[in-house]
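What follows is the residue order along each chain.
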Amino acid sequence: QVQFVESGGGLVQPGGSLRLSCAVSGNIFSIYGMGWYRQAPGKQRELVAGITSGGSTSYADYVRGRLTISRDNTKNTVYLQMVSLKPEDAAVYYCNAELRVGALRSEYWGQGTQVTVSS
């Protein structure tokens, strides 16, 4: 009933930029907070950035100043603009959203998009 379409991942050289997108669709009554997490091989999934329905943002300290989260509520889409990428930013990036589907308010996840930072 809920579909996530993530895009924008890929291979980029150190210092390069990428823009991730995540569009949410389906039988959704409301979208609350949205965010991006990442998981590198052998590591736990970690929060990168979050954004409330009103546009307030929060970031992990290690990405502050290099990554910018935004959302377009008319398109049910959240973005992650990444600049000055480092090899340690390489990971699978997952979109996350808190949704109301029918009477239930729950957390949902996208399928993930791979970001590789390498020369």
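The coordinates are above.
All of the points below concern the structure found in this document. Please read these numbers as outputs of a predicted model, since none were measured by experiment.

**Regarding the environment of glycine 9**
Within the secondary structure, glycine 9 is located in the loop between strand 1 (2-7) and strand 2 (10-12). Taking the relative accessible area as the measure of exposure, glycine 9 reaches 33% and is therefore partly exposed. As a C-alpha pair, glycine 9 and lysine 86 span 77 residues in sequence and 14 Å in three-dimensional space. Not counting chain neighbours up to four residues away, the residues in contact with glycine 9 comprise Leu20, Thr113, Gln114 and Val115.

**Let's talk about the nonpolar core**
When a protein is soluble and globular, its nonpolar side chains tend to lie buried together. Counting 30 residues, the largest nonpolar core has Trp36, Ile69, Val78, Leu80, Met82 and Tyr93 as its most contacted members. Taken together, the elements giving at least two residues each to this core come down to strand 3 (18-26), strand 4 (30-39), strand 5 (46-51), strand 7 (67-72), strand 8 (77-82), strand 9 (91-101) and strand 11 (113-117). When near neighbours in sequence (up to four residues on either side) are disregarded, leucine 80 contacts Leu18, Arg19, Leu20, Trp36, Val48, Ala49, Leu67, Thr68, Ile69 and Tyr93.

Calculation criteria
- Residues numbered from 1 in each chain as written.
- Predicted model: local features only at pLDDT ≥ 70, side-chain atom pairs only at ≥ 80, totals over all residues.
- Heavy atoms only, no water.
- Helix = DSSP H or I, 4+ residues; strand = E, 2+ residues; numbered from the N terminus.
- Buried < 20%, exposed > 50% of the residue type's maximum accessible area, 1.4 Å probe, protein only.
- Contact = heavy atoms within 4.5 Å.
- Core = buried A, V, L, I, M, F, W, Y, C linked by side-chain atoms within 4.5 Å.

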